[in-house]
Amino acid sequence: MAIARPVGNRKPMTEKFLLYFARPDLLSAAEEMLRLYRPAAAFTVLSAEEFRCWQNRPAAGEILISGEAAGPAEETPGCLARLSFLRQGHLTNLQRKLTVDRLPWEDKTGAERRCIRLLLNGLLKDFRGEPASPWGILRGVRPTKLVHRLLDTGQPAAEIRALLAEAYALDQAKADLLTEVALRQRPFLSSRAEARRLVSIYVGIPFCPSRCLYCSFPSFPLQGAERRLAEFLDALRREIAAVRQFFAQHGLKTQTIYIGGGTPTSLPDREFRQLVRDIGQAFSSADLREFSVEAGRPDTITPVKLMTMREAGVDRISINPQSMRERTLQLIGRFHRPDQVEQVFRQAREAGFDNINMDLIAGLPGETPEDVLYTLERIGRLRPESLTVHTLAVKRGSNLKESGEFSAAPAPLVRDMLGLCAGAARSWGLVPYYLYRQKYMAGNLENVGYALPGKECLYNIQIMEERQSIVGLGAAAATKAVNPADRRVTSCYNPKDVATYINDLQGYVARKLTLMQRVFTSKEE
């Protein structure tokens, strides 16, 4: 959900929904739709008796949603849904009925659940007179996985685009974008044979110079935390050694390394040098194709750190302005100046980096499309090899969410911002190569990574498409073990709390290695 400064004391009207579905699976499908498209709405599940009472005595300000399976034949998936409410004292019923074809992986129940979501997508549009979400009923962080699933069966791209529009109610532009991204990713995806020997490494460094307004990642201010930092880095070295030994025993090689956070470059020069050297020495090999560092905050990047990264073999970095409006940077808690972004970018070029990503956020507090255009114009002069455009998400745990000081910007405004970013990226020769979505995003939209052909971030593709195992090291890092036989993903997580990570490291490492042992032993068999 994007934000803008509130106007006066007005607050968005809270809608109160009542739900009645005799079948629990259809009820949960309806709940999913409401949470997705009306995240601020309150809703109550009715019993059969309460449902009958409401029909006899409907209450003003309440919206009743009900539905049932209604296929024309026993084996044909179909549903009927109604949306009922009082309008000027009279009960109004909006009703839709739909029959759907089962998708290859769906049983009848799954098709009926999808049918209910399609019906509610249309009914909510009818009720408010608002445009439907451009993403239709598609849920989940990784929508490209659906396209890959279809491509794996040999289905042509044109048929996939049509299916996305019909079966999931995607806007045609989103169906085209999703298919374009998936097709571009195909050459980079791990085959089953490669997934048996190649993995990627993620290292989480949970320290920052300050906490950004929108950030929900585990991160801790470095000031006054010198002892805790030393303890953390010592624990991380032990975790690196254990995983390196496991790789040697099982013949595993690292394809990509990604150091993120937090802000890894917020570490002092000496500690940062030791960190990147330790990781490079532990996991570099002839198979390593990419070594990325999320440099992130321009005010933490120095010529010394740039040279340290080059010497350690880092070949891709991110320098993330988020906005080039100084008033916005101050508001969101990023205390660098826009001209520092340009200065650090030039220093990175002088240090020899020829693959630099820059992050922007659409929907930052108080910003307009004109502000986004200004940011794009300044960034465009730098010509980064990739641009990652995030839609602001107001997440639990962020200061933005907890403060309650900001209200949502209109979805059409954020769509305009994303359109400007897409147009600028393509005008620079960048093409979309990865895409993901999150809860609580402005307009229920998306994050898109653009890159020059040949400069795509391989780690980003692997973590999103889940066809290669990712081993997470450090605080809050996730390990995702992918079984190449069926591409089933099993995950385990390091703790977010730094003290817990330090004190209980042995148990977390044992859990991780047990998971990897199980997956890679089954592969070998």
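Along each chain, numbering runs from 1 in the same order as the chain's sequence is written. Note on the predicted model: pLDDT of at least 70 is required for a residue's local features to be given, and 80 or more for side-chain atom pairs to be given and counted; whole-chain, interface and lining totals, by contrast, use all residues. In computing side-chain properties, one takes all heavy atoms of the structure into account and sets aside hydrogens as well as water.

Trainee: Could you give me a rundown of the layout of surface pockets, with the residues and numbers involved?
Mentor: The space that makes up the second largest pocket amounts to roughly 500 Å³. Lining the second largest pocket are 21 residues, and of these Trp105, Lys145, Leu146, Arg149 and Tyr168 lie nearest its centre. What counts as a helix is a DSSP run of H or I of at least four residues, what counts as a strand is a run of E of at least two, and both are numbered from the N terminus. Every element with two or more residues in the lining of the second largest pocket is listed here: α3 (108-128) and α4 (144-152). Looking at the lining of the second largest pocket residue by residue, the classes come out as 6 nonpolar, 3 polar and 12 charged. The distinction between a cavity and a pocket rests on a 1 Å grid over the protein atoms alone: a 1.4 Å probe fits inside a cavity but cannot get out, while a pocket stays open yet meets protein on both sides within 12 Å along at least five of seven lines, and a residue with an atom within 4 Å of a point counts as lining. Grid points are joined across faces, edges and corners, and a volume is the space filled by probe spheres set on the points. Gly falls in the polar group here, along with every residue not listed as nonpolar (Ala, Val, Leu, Ile, Met, Phe, Trp, Tyr, Cys, Pro) or charged (Asp, Glu, Lys, Arg).

Trainee: Got a sec to walk through the confidence of the model for the protein chain? Specific residues and values, please.
Mentor: Predictor confidence is given residue by residue as pLDDT, running from a minimum of 0 to a maximum of 100. Overall, the predicted model of the protein chain reaches an average pLDDT of 90, with 92% of residues at or above 70. It only takes one pair of heavy atoms within 4.5 Å for two residues to be counted as in contact. Across residues 1-13 the pLDDT falls below 50, and counting only partners more than four positions away or on other chains, this stretch makes 38 contacts in the model.

Trainee: Go over the pairing of strand β6 (residues 198-205) with me, naming the residues and quoting the values.
Mentor: Relative accessibility thresholds used throughout: buried, under 20% of the residue-type maximum; exposed, over 50%; partly exposed, between the two (1.4 Å probe, protein chains only). Burial of β6 is extensive: 8 of the 8 residues sit out of reach of the surface. Pairing between β6 and strand β9 (residues 253-261): 8 bridges, direction parallel. Paired with leucine 198 across the two strands is lysine 253, which belongs to β9. Across 5 bridges, the pairing between β6 and strand β16 (residues 470-474) is parallel. Note on β16: the bridge partner recorded for tyrosine 202 is glycine 472. Whether two strands pair comes down to DSSP finding at least two bridges between them.

Trainee: If you had to explain α4 to someone new, which residues and values would you point to?
Mentor: An α-helical turn contains 3.6 residues, so a residue and the one three or four places further along point in the same direction. Taken together, the buried positions of α4 are occupied by Thr144, Leu146, Val147, His148, Leu150 and Leu151. Count one or two residues on from α4 and you reach glycine 154, which has phi positive near 90°.

Trainee: Could you give me a rundown of the pairing of strand β11 (residues 316-319), with the residues and numbers involved?
Mentor: Both faces of β11 are covered, namely the face carrying Arg316 and Ser318 and the face carrying Ile317 and Ile319. Looking at chain direction, strand β10 (residues 290-296) and β11 are connected through 3 bridges and run parallel. When the sheet's bridge partners are listed, glycine 296 is paired in β11 with isoleucine 319. Following the backbone out of β10, through helix α10 (residues 303-312) and into the adjacent parallel β11, one traces a crossover that is right-handed. In terms of strand pairing, β11 meets strand β12 (residues 356-362) through 2 bridges, oriented parallel. Within the sheet, the bridge partner assigned to serine 318 lies in β12 and is asparagine 357. Handedness of a crossover: with both strands directed away from the viewer, a clockwise path from the first strand across the helix to the second marks it as right-handed.

Trainee: How would you sum up the pattern of salt bridges? Please name residues and give values.
Mentor: Whenever a carboxyl oxygen of Asp or Glu lies within 4 Å of a side-chain nitrogen of Lys or Arg, that contact is scored as a salt bridge. Applying the stated criterion across every chain yields a total of 35 salt bridges. Among the ionic pairs, arginine 142 bridges to glutamate 466, the shortest N-O distance being 3.6 Å. On the criterion of sequence distance, the pair formed by arginine 142 in the loop between α3 and α4 and glutamate 466 in the loop between α16 (458-465) and β16 is long-range, its members being 324 residues apart. In this structure, aspartate 371 and arginine 327 form a salt bridge, with 2.8 Å as the shortest nitrogen-oxygen distance. Within this pair, whereas aspartate 371 is found in helix α13 (residues 369-380), its partner arginine 327 is found in helix α11 (residues 326-332), the two being separated by 44 residues in sequence. Its relative accessible area of 51% is what places arginine 327 among the exposed residues. Three or more residues joined by partner-sharing salt bridges are found here, namely Arg23, Asp25, Lys108 and Glu112.

Trainee: Talk me through α16; I want residue IDs and the actual numbers.
Mentor: Counting buried positions along α16 yields 8 of 8 residues, so the element is predominantly enclosed. Every buried residue belonging to α16 is among Leu458, Tyr459, Asn460, Ile461, Gln462, Ile463, Met464 and Glu465, and all of these are buried. Immediately downstream of α16, the backbone of glutamate 466 shows phi near 55°, a positive value.

Trainee: Account for the packing of aromatic side chains, naming residues and giving values.
Mentor: Aromatic contacts are taken between Phe, Tyr and Trp rings whose centres are within 6.5 Å, Trp giving its six-membered ring; a plane angle under 30 degrees counts as stacked, one over 60 as edge-to-face, and the others as tilted. For the coordinates displayed, the defined rule picks out 10 aromatic pairs. Ring centres 6.3 Å apart and planes at 25° place the aromatic pair tyrosine 202 and tyrosine 459 in the stacked group. Residue tyrosine 202 is found in strand β6, and its partner tyrosine 459 is found in helix α16; the two are separated by 257 residues along the sequence. Of the two residues examined, tyrosine 202 and tyrosine 459, each falls in the buried class. Residues phenylalanine 207 and phenylalanine 232 carry aromatic rings whose centres are separated by 5.7 Å and whose planes lie at 75° to one another, so their mutual orientation is edge-to-face. With phenylalanine 207 in strand β7 (residues 207-208) and phenylalanine 232 in helix α8 (residues 226-250), this pair connects stretches of sequence that are 25 residues apart.

Trainee: Describe the sheet that holds strand β2 (residues 42-45), naming the residues involved and giving the relevant values.
Mentor: With mixed pairing, 5 strands are arranged side by side in an open sheet as β2-β1-β3-β4-β5. The sheet is open, and its two borders are formed by β2 and β5 (90-99), each paired with just one other strand. Sheet twist, expressed as the average angle between the axes of neighbouring strands with direction ignored, equals 20°. Pairing of strand β4 (residues 78-87) with β5 involves 10 bridges; the strand directions are antiparallel. Comment: axis = line fitted to C-alpha atoms, over the contacting stretch for helices; angle = value between 0 and 180 degrees taken between N-to-C directions.

Trainee: An account of empty space enclosed by the protein is requested, with residue identities and associated values reported.
Mentor: In the structure shown here, the tally under the stated rule is 2 cavities of 30 Å³ or more. Reported here for the largest cavity is a volume of approximately 40 Å³. Around the largest cavity, the lining residues are Gln322, Ser323, Leu360, Ile361, Ala362, Glu367, Val372, Thr375 and Cys421. When residues of the lining of the largest cavity are traced back to their parent elements, those giving at least two are β12 and α13. The element best represented in the lining of the largest cavity is β12, accounting for 3 residues. The class makeup of the residues in the lining of the largest cavity is 5 nonpolar, 3 polar and 1 charged. Ser190, Ser191, Arg192, Ala195, Arg467, Val482, Pro484 and Arg487 are the residues that line the second largest cavity. A per-class count over the lining of the second largest cavity returns 3 nonpolar, 2 polar and 3 charged.

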